[in-house]
Amino acid sequence: MADTRDLPASRRDVLVGALALGGAAVLGTAGPVRAAAATTLRVATGEADGVKGTLDPAYGNNDNDAVRAGLVYERLVVPDESFAPQPQLALSWKPDADGRVWTFALRQGVKFQDGSPFTARDVIYTFRRLVDPKTASAAAAVLSQIDPDGIRALDDHTVEFRLHAPVVEFPLQIANRFTAIVREGQTSEQLRTAGIGTGPFKVETYVPGEEPAIFVRNEHYWQPGRPRVDRVELRAIPEPSSRIAALLAGQVDIVTELPALGLQRLEASPDVKIQSARSSFWHGLAAFTDVPPFDDVRVRKALKLVVDREQYLKAIVGTRGTVAYDTPVPPWQTYGLPETPFKRDVAAAKALLAEAGHADGLDLDLHTSAADVGLVQIATLFKAQAAAAGIRVNIIQAPAADYWTNIWLKKPFVATGWNGRAADEALALEFLSTAEWNETHWRNKAFDDLVFEARKTLDETARTELYHKAQRLIQEDGGALVLIYADLVGATRANVRGYRVHPQKVTFDFSDVSIGA
């Protein structure tokens, strides 16, 4: 809060305030404000942004960071909608016999936005920086198998990765939000606001905490005919009703995230197209397992038994989602658990609390915020449901702009949500003992060993069983309550073409987006 109080009123504040007061009427327009010949694409995200925002892919942690990265950078490999690896800056890849050495053939003729050629040196620089402890990127938990001294250029367009141990699905592991390729030599300070990538747009103006951020066409872009617009304006509009009003009024062209419910006005509008994608994006609660009372597994199990997950589903996403059972990997995704482990059992929860010394109930502080869709509802529902077991919940709501910076990872019991990811990335990023974003402080060597063993197991059946065992440990012992998987919902104006909601949530491709008449 101290940081933001000292800033002058930003353009974002002005826009959001105007939208909250009535959208187009306040801005003095009765419809789209884009000039007829303009090719400016106006994008609104749904997560609060602020002075901690970044363009550096090594430190991206919210949707706004991901959109900025999607405009400016590209990765060697990207996941498709079923989380299978697809080429982007890499044309192909191959492992050695046991999956310890991987060789990537890079796309030739690609240039960075400053005109310099993309080569193997940029790949080496990017990945060595990500795994360097001095960088302190959350990527290190996912990429820990990379030997930084084992990344080498076989020629200008071929890179070899030698790993500490075999990884059968290495291409998919590097298809995460952190691995966007940056130009060799750019410092963290430069990358935060003026990063140079090979993506379809380059930075014109980006000042963290001020909006909109402006991006303009990359004249060196390697895909012929792309991008299809000249300029992108990006702003965050955390309040859902304001995002909906902005889209209906034609003040934005794309809204990257919408709530699953309350979209009747958009659904009835011929000027708007709603999109959705089934995703492993999950909503839930996270408790520090090394802080009382959550350091007692009986308390953690009681919290899991007292929740009515169907009620969360109905209240937060309706039919646009699925009930979850404390694993970030849904049953329809590769390595997802097929079974439903338990149902709500208040009597069993009360018995566990009594065994743990809380026969008279329990008092808990639960932190939440409107920083993202569903967080406040999660906390409110938990308070109501937990009361049945004598758990008295005090909800503490933080300002949206501060939540992911000053509350999440710092308070012992919080409402949370995680973007959709492939199984190994989700398990590693959220639950490995060494993970920078281990939000439950759960450190379990048996779990770590299962994940590392699964990565190098060639037999698919055996590998699946190892990932299953790892997830069951989270369910039985961990501090995360993964309550629902929410479909991702976004929308565009009807004249926008080429935009698709991706189930990974942090994958954005604006290169083929165009605006019609």
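In the nomenclature of an unreviewed UniProt entry, the chain is known as Peptide/nickel transport system substrate-binding protein of Labrys wisconsinensis. Of the comments in the UniProt record for the chain, the one headed Sequence similarities (unreviewed entry) reads "Belongs to the bacterial solute-binding protein 5 family." The annotation that UniProt attaches to the chain under Subcellular location (unreviewed entry) is "Periplasm".

Caption draft 1: Spatial organisation of the nonpolar core. Of all hydrophobic cores here, the largest spans 136 residues; its most connected members are Leu76, Phe104, Phe127, Phe161, Phe382 and Phe510. In terms of residue count, the dominant contributor to this core is strand E18 (residues 480–486) (seven residues). Setting aside residues no more than four positions away along its own chain, phenylalanine 510 makes contact with Leu41, Val43, Val67, Leu71, Phe201, Ile254 and Tyr499.

Caption draft 2: Structural context of the pattern of salt bridges. Applying the stated criterion across every chain yields a total of 28 salt bridges. Aspartate 253 is the salt-bridge partner of arginine 42, the closest N and O atoms lying 3.0 Å from each other. Taken together, the residues arginine 42 in strand E1 (residues 40–45) and aspartate 253 in the loop between helix H9 (240–248) and strand E11 (254–255) connect sequence positions 211 residues apart. Accessibility assignment for this pair places arginine 42 and aspartate 253 in one class, buried. Notably, a salt bridge pairs arginine 392 with aspartate 363, separated by 2.8 Å at the nearest N-O pair. Of this pair, arginine 392 sits in strand E16 (residues 391–398) while aspartate 363 sits in strand E15 (residues 362–369), and the two are 29 residues apart along the sequence. Owing to a relative accessible area of 41%, arginine 392 belongs among the partly exposed residues under this scheme.

Caption draft 3: Looking closely at the sheet that holds strand E9 (residues 213–217). The strand order across the open sheet formed by seven strands is E8-E9-E10-E1-E11-E19-E12, and the pairing between neighbours is mixed. Where the open sheet ends on each side, the last strands, each with one partner, are strand E8 (201–205) and strand E12 (272–277). Inspection of the sheet shows E9 paired to strand E10 (residues 231–236) by four bridges, in the antiparallel sense. Its bridge partner being in E10, isoleucine 214 is matched across the sheet by glutamate 233. Each of E1, E8, E9 and E10 is contacted by helix H4 (residues 63–72), which is oriented at about 170° to E10, the strand it contacts most. Set on the sheet, H9 makes contact with E1, E11, E12 and strand E19 (488–493); between it and E19 the angle comes to about 30°.

Caption draft 4: Local environment of the sheet that holds strand E4 (residues 90–95). Pairing is antiparallel across the open sheet formed by four strands, whose spatial order is E4-E5-E7-E6. For this open sheet the edge positions go to E4 and strand E6 (146–155), each flanked by a neighbour on one side alone. Across the sheet, the axes of successive neighbouring strands diverge by a mean angle of 20°, strand direction being ignored. Across five bridges, the pairing between strand E5 (residues 101–106) and strand E7 (residues 158–163) is antiparallel. Paired with phenylalanine 104 across the bridge in E7 is valine 159. Lying over the sheet, helix H5 (residues 120–131) contacts E5, E6 and E7, oriented at roughly 180° with respect to E6.

Caption draft 5: Highlighting the packing of aromatic side chains. As enumerated under the stated definition, the model contains 23 aromatic pairs in all. Between the aromatic rings of phenylalanine 104 and phenylalanine 170, the centroid separation amounts to 6.1 Å while the plane-to-plane angle is 70°, which identifies the pairing as edge-to-face. Residue phenylalanine 104 is found in strand E5, and its partner phenylalanine 170 is found in helix H7 (residues 170–173); the two are separated by 66 residues along the sequence. Assigned by exposure class, phenylalanine 104 and phenylalanine 170 land together as buried. On the basis of an interplanar angle of 65° and a centroid distance of 5.9 Å, the ring pair of tryptophan 408 and tryptophan 418 is categorised as edge-to-face. With a gap of 10 residues between them, tryptophan 408 in the loop between helix H15 (403–407) and strand E17 (413–418) and tryptophan 418 in strand E17 connect regions that are remote in the sequence.

How each quantity is defined
Residues numbered from 1 in each chain as written. Predicted model: local features only at pLDDT ≥ 70, side-chain atom pairs only at ≥ 80, totals over all residues. Heavy atoms only, no water. UniProt positions renumbered as here; feature names shortened; annotations may be inferred. Core = buried A, V, L, I, M, F, W, Y, C linked by side-chain atoms within 4.5 Å. Buried < 20%, exposed > 50% of the residue type's maximum accessible area, 1.4 Å probe, protein only. Helix = DSSP H or I, 4+ residues; strand = E, 2+ residues; numbered from the N terminus. Contact = heavy atoms within 4.5 Å. Salt bridge = Lys/Arg side-chain N within 4 Å of Asp/Glu carboxyl O. Pairing = 2+ DSSP bridges. Axes fitted to C-alpha atoms, helices over the stretch in contact; angles between N-to-C directions. Phe/Tyr/Trp six-rings, centres within 6.5 Å; stacked < 30°, edge-to-face > 60°.

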